[in-house]
Every structure is written in C-alpha cells, then in structure tokens.
2 protein chains.
Amino acid sequence: MKAWENNIRQVVPYVPGEQPRRPVIKLNTNENPYPPAPGVQAAVREMDPDCLRLYPDPDCTGLCTEIAAVYGVEKENVFVGVGSDDVLATAFLTFFNSGKPVLFPDITYSFYRVWADVYRIPYETVPVDKDFRLHAEDYYKENGGVIFANPNAPTAICEPLSFVEDILEHNRDVIVIADEAYVDFGGESAVSLLDKYDNLLVVQTFSKSRSMAGSRIGYALGGQALIRSMENVKFSINSYTMNQYSLKTGVEAIRDRQYFEDTLAKIIRTRETSKKRLEEMGFFCTDSKTNFLFVSHKSRNAKEIFEALKERDIYVRYFNTPGIDNYLRITVGTDEEMDIFFRAVEEILK
Amino acid sequence: MKAWENNIRQVVPYVPGEQPRRPVIKLNTNENPYPPAPGVQAAVREMDPDCLRLYPDPDCTGLCTEIAAVYGVEKENVFVGVGSDDVLATAFLTFFNSGKPVLFPDITYSFYRVWADVYRIPYETVPVDKDFRLHAEDYYKENGGVIFANPNAPTAICEPLSFVEDILEHNRDVIVIADEAYVDFGGESAVSLLDKYDNLLVVQTFSKSRSMAGSRIGYALGGQALIRSMENVKFSINSYTMNQYSLKTGVEAIRDRQYFEDTLAKIIRTRETSKKRLEEMGFFCTDSKTNFLFVSHKSRNAKEIFEALKERDIYVRYFNTPGIDNYLRITVGTDEEMDIFFRAVEEILK
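Residues numbered from 1 in each chain as written. Chains lettered and ligands numbered in written order. Predicted model: local features only at pLDDT ≥ 70, side-chain atom pairs only at ≥ 80, totals over all residues. Heavy atoms only, no water.

## Some points on the environment of Ser-211 of chain A
Next up, step 1: Locating Ser-211 of chain A in the fold gives a position in the loop between β7 (200-205) and β8 (218-222).
Next up, step 2: Exposure remark for Ser-211 of chain A: the relative accessible area of 1% places this residue in the buried category.
Next up, step 3: For Ser-211 of chain A, the residues in contact, after removing those within four places along its chain, are Asn-32, Tyr-34, Pro-35, Pro-36 and Phe-206 of chain A together with Leu-52 and Arg-53 of chain B.
Next up, step 4: At 2.9 Å, the side chain of Ser-211 of chain A and the backbone oxygen of Tyr-34 of chain A are in polar contact. (Helix = DSSP H or I, 4+ residues; strand = E, 2+ residues; numbered from the N terminus. Buried < 20%, exposed > 50% of the residue type's maximum accessible area, 1.4 Å probe, protein only. Contact = heavy atoms within 4.5 Å. Polar contact = N/O pair within 3.5 Å; in protein donor to acceptor, adjacent residues only side chain to side chain.)

Set out below in structure tokens:
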C-alpha cells in the first residue's frame, strides 16, 4: 500500500439506477415519459454554438428570475444547481456544521446518508412507521438539522403541510430541508411556509415534472440569508456550474405552464389507472403522490419479479434494503409503456 | 443572530472575472476568441431534445473514451467534471486528507486557497521568485500534497518538465496535481510522466484551447487508483454531473484535431505579435505559454490602465494582490479585437 492511499477519502458512493444503452421499457429512474416543453426544443435548435466559447453567467440570473416568478419570490430566494443532488449536497455542506446529528427517516432517498458520510456530518435515522409514515414528534429531539423527502422516496407517500409545519415549529435553531423532487405530481408544497420560517429550505428539480433529467437543473427556495450562504459555498467550489445549454433551455422549460400542467395530468391519470390494475393483480400500492408506484405483491417475491421483468427488457427499481426488500418502485411511463409492462407482469405472475 | 446562523460554513468565495451582458471587447476571462469545432455546431443543431428527458450516462463513457484516445490512455485513466474547477475541487476533497499542509505557490490560481478553505484543508503557500519562477526544492518539505498550475496563472510562465519530475521524485507519498488548463498554448505537459508516477494527477480543460468554456468540461488524467477514488467521491455527491449537451458536444470538440491545431496556431501567432507591440509601448511581458499576456508598464499604473480600458468597454483582468498589483492579465483575442485594444492603450498612454 502506497502512503498516499491512506489519505484518500473513504466513501460508499450512491448507486444510481441503470442507464441501459439499448432500447428497453425504462421505468427505473423516475424520468418523465414525455419530452420537454416545445420551447425547450426550439431553444436547442436555435442555439448559437458560438456562445459556447464564453463562460456562462455565474449568477444564473435569467433562470433564477424565471423560477422566482413561478413561486412569487425574488431571484435572491432561488439557488440553482446541477440537478437537485448538487443543490442538496451544497446544502449539507453549507448548513450542517454543528457537529450534532442530522435527522432523516430510515427509509428515504438513500443519498442523504451518502452526503452525510462524504462530508463527515454525523446523522441519525428516524424509523418510519409500519405504513411508511413519518411522525413530526420523532424529530423533536436535539439535532444538527432535519431533512426529509416529501413526497418520500421510494415510498411515494406525501405527508400533509401540517407535518412540515410541526417539524419547523419544533426545530427553530437548525435548517430544515424539504426535498420536494416529486411534489408536482400531487403533493403539498412547503413553499407557502417560506415567509413564516427563515430556516426552511425547499428543494425541487426539473428532472421529473419538467422532463429535464438530461439537462441537470435543480433549485432551492429559501430566505435570502440561506440562499446567500449556499451561493458563497458554491462560489468556493465552482463558479460556473450551469452550462449555456441548461441556462437557456431551463428558462423555456419553466416558462410553459400549460405544457407542464398537461403533462402532469397525463402522468397522474396513468398512475391512477396503473395503480388500479396492479391492485387487481394482487399488489399492494402505497398512496402515490409522485410519478412512480411503490408496490409489493401479496404472494410473489419482489426481487424475482424485478429479475423476470429485466429479462424481458423492462427495467424497474428494486432496493435490497431491509424493510423495503419486498417492494418494487415502478416509474409511471406512457400508457403504451404501461401496457407492455402489464402484459409482462401478467405473464410473470401466471 | 439566529442559532442556525452559527453553523453555516464560513467561506471567502472565489471572485470570477466579470461576464458583462452588453457587447464589449472581452479580454478578461481567458476565453477562446474562436468558436468551437464545426462538429460541435452540428451536434447542437442535430440534438434530439427528447433525450433531455432521460438522465445522462453517469459514467460519461463516450466522452472519457474520446479523451483517453487523444492521450493514448484507457478510459479508466480519465475523470471528467463540470469544468476543471469541478475536477480540481473533487481532487482536493478526495486526496488532501492527511491533515498536513498542502503546498502551492503564493502567486497562482487563487482558487487553490478557496478550495482548501471550504474543505478545511491546511495549506502553506510557497513564494515564487522575483521573476515569478517556481523552484522544485521549495517543495521538498513534508506536506499533505502539492498542486501547481503549469503554465502558471496569472503569470503565464511554464516551468520545464524537469521541474515537475523533480517535484514528483521528492514527493512520492502524496498526490501531486499538475493543473494544465493552459498547456495547449505552448506548455510542456506532464502527461508523459503518468506511466512513471502513480501519484500524479494531470488536470486539463475544454474551456480554453477547445473554445468550450460555456459547456463546462474539465478532466483529470491519472492512474486508475486515483481516478477510481475521484469517481467514488463524485458518486457520493452527484451521480450525473455532465448533462446530455456537454457529453455530446464534448465528444465532437475533442475529436477534431485539425481545427484544434489551427485555432491554437492562430492564437499563438496573435499572442506573439501582441507581445511585441506591448513591449514597444513600454510594457514588460512574461514569456507566455498561455492564451493570455501578463504585463506591467514601466511607468504607468496597472489599475489606472485597467479602469481606463473598462471605461472604453474593453475588459482585461486586474488582481489587487500583493506582488502582482501592478500587472494586467490580457486574454489574447482575435487580431481585430487586439487592434481595438491597442488603439485604446495608445490613447490611454498618451
């Protein structure tokens, strides 16, 4: 072993869902089955490649202004990053420096513990109940910050706004992060609480509801003190995180409210019909407020179904994690994709 | 003061050069005055916006393979990130964990001390000599790692390969980073030393010599153990750093060797004629192996020239830093831009 090897940061990285290169029915990474808004397509086609030789606007003024307009806040209340993972990682590094453990549910987005580990932030996981529900009183104890996904992943369940406010009421001295990656699909957003709580950070993304996973745009909404602190950390790591393409297409993606609403309605409709079909086939489904279904079959093993689907080139997500290891997370695709999925499931269950 | 404010990470961020929004002669952030390769322009125009709804390849396989081919290494020897700043920040976090001070020159890219600060890495700066030269023996002492820019910024001076090898010979137990952002403009790259030293990391960028500052692509070349460690840290922060556009256009930008060589030749030619003109006007210029000139006038104050140029909508870079506060850093533009610049300088010096 070389001496320098001793000083390499030891980590256990997050493992993202597979990105298969050949055509498959891809219901494994919660992408949107519909293309981005027509304005995005126009922006790509009309882009002057000469702008690529110049550094992008480090303050992302245009994109922040457009996001701020949607939520009725100022651009100084908006932080943008390379997907919500970048935004959340920056928030961990910026806010969780007390040395006390950060609290998050034991079943949630598995990146939370990875960020805590990579930045050497202590944390404590809080068990969800047997129905995967979160209880605010479990977050009353002393801590270095609180983060939860709402709706939660991979359970798809959304807690009401009263839950978020309860947590905020009991955690005035730390930063509370509501990770709302999936909120547009029927959840209740904590954005309305921003005026009341200056320690609240709400994180959202263009990757799901705006069909822009490939563009890498996430954002945080919060009080100006929080956003300024995150900007300072960002400008201490990489001044230019958002490239010219994402700045230009991002503006178009968030501007088109009608396309956004129409796409959401289609996905929610497909989600509800798919849920019904799954239940008829003997699956238990949580009450999803996301673009995926979290399901478990009453008699058949989840991992076996996952593998049988994969053999048929249908990708869903399986987590080999205690408590959810008999569940599948199935992204809501188009009706056509779901039909192919259901034919395969029928065959597998036969 | 709120309790949560105590636990915000305190930093002094890097201040990037201005990105003015109205048309100016922009010689302040070392961008390439020529557009990216024609293949990049075609890739942008032909891009299917539907791919934006999907996550990009987290392993950046296509881009890493193409970069590896240029240097005759394997794709496992290549790490890509959102500009070389992202790559360097990741390297700091990955490798500089010994608790001993990292060494770098006192006059160099000012982001080094910012990364050290944000990640709480101790560091010690090593004075350059009166001619801004670096001396390997100054880096023999015990340390937690070594990083230098070669060519150095903002001095534009390139140390010979023997300097890099001397540092490597005397620093076997730590990671040595050669930051070669400007090396394509006439410097001597340490890539040839990679086979011999498994603790060497060479970092380069698409932002300067490949006219892709707006695309945010940087890369590191190194032994597989180093690259794997950086990948692990990357996958512990953000799995998908490179968006679909930069992956696709990046491949085209690095593939076109002829365009690359032609662009470099033009810039080097303009640099040398500009240097001669500056010297005739009473400026001292270092021996630049970069796409910028580092200059000081024998009798006129640098800051005053900087401000007088700015009034005329000509932007160059001025650093209010002891030791270089009577110097200007002037990016090499097109011949036409330089003519406008020189007319203004003549006027100012009158």
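Read on, since the account is not over.
## Regarding the packing of helix α3 (residues 83-95) of chain B against helix α4 (residues 111-118) of chain B
All names here are of chain B.
Next up, step 1: Contact geometry of α3 with α4 gives a least axis separation of 10 Å together with a crossing angle of 45°. When the axes of α3 and α4 are compared, the pair comes out oblique. Both α3 and α4 take part in a crossing whose hand is right-handed. In contact with Asp-85, Leu-88, Ala-89 and Phe-92 of α3, α4 contributes Phe-111, Tyr-112, Trp-115 and Ala-116.
Next up, step 2: For the contact of α3 with α4, a count of residues per class yields seven nonpolar, no polar and one charged. (Axes fitted to C-alpha atoms, helices over the stretch in contact; angles between N-to-C directions. Parallel < 35°, antiparallel > 145°, perpendicular 65-115°, else oblique. Left-handed = near helix turned anticlockwise from the far one by under 90°. Nonpolar A, V, L, I, M, F, W, Y, C, P; charged D, E, K, R; others polar.)

## Observations concerning the sheet that holds strand β10 (residues 292-297) of chain B
Residue and element names in this part refer to chain B.
Next up, step 1: Pairing within the open sheet is antiparallel, and its three strands lie in the order β9-β10-β12. Two strands bound the open sheet, and with one partner strand each, they are β9 (283-285) and β12 (328-331). Between one strand axis and the next, the sheet turns by 40° as a mean value, whatever way the strands run.
Next up, step 2: Pairing of β10 with β12, which is carried by four bridges, proceeds in the antiparallel orientation. Bridge pairing in β12 links Phe-294 to Arg-329.
Next up, step 3: Along the sheet, helix α10 (residues 335-349) makes contact with β9, β10 and β12, crossing β12 at roughly 150°. (Pairing = 2+ DSSP bridges.)

## Looking at the side chain of Arg-216 of chain A
Residues and elements named next belong to chain A.
Next up, step 1: Position of Arg-216 among the secondary structure elements: in the loop between β7 and β8.
Next up, step 2: One buried charged residue, Arg-216, forms no salt bridge at all, with the nearest opposite charge on Asp-85 at 4.8 Å.
Next up, step 3: Separated by 3.1 Å, the side chain of Arg-216 and the backbone oxygen of Ala-213 make a polar contact. (Lys, Arg positive; Asp, Glu negative; His and termini not counted. Salt bridge = Lys/Arg side-chain N within 4 Å of Asp/Glu carboxyl O.)

## Overview of the pattern of salt bridges
Residues and elements named next belong to chain A.
Next up, step 1: Counting across every chain of the model gives 34 salt bridges over all chains.
Next up, step 2: Two residues, Glu-159 and Arg-133, come together in a salt bridge whose shortest N-O distance is 2.8 Å. Of the two residues, Glu-159 is situated in the loop between β5 (145-149) and α5 (161-169) and Arg-133 in the loop between β4 (123-126) and β5; the sequence distance between them amounts to 26 residues.
Next up, step 3: Glu-159 gets classed as buried once you look at its relative accessible area, which sits at 4%.
Next up, step 4: With a relative accessible area of 32%, Arg-133 lands in the partly exposed category.

## Observations concerning the relation of the copies chain A and chain B
Next up, step 1: The two copies are related by a screw motion: chain A maps onto chain B through a turn of 180° and a shift of 0.0 Å along the axis, at an RMSD of 0.0 Å. Taken together, the rotation and translation describe the operation of a two-fold axis. Ranked by how close their C-alpha atoms come to the rotation axis, the residues of chain A are headed by Arg-45 of chain A, at 2.7 Å.
Next up, step 2: The residues that chain A uses at the interface reappear at the interface of chain B in 100% of cases, marking a shared surface. (Least-squares fit on C-alpha atoms with pLDDT ≥ 70 in both.)

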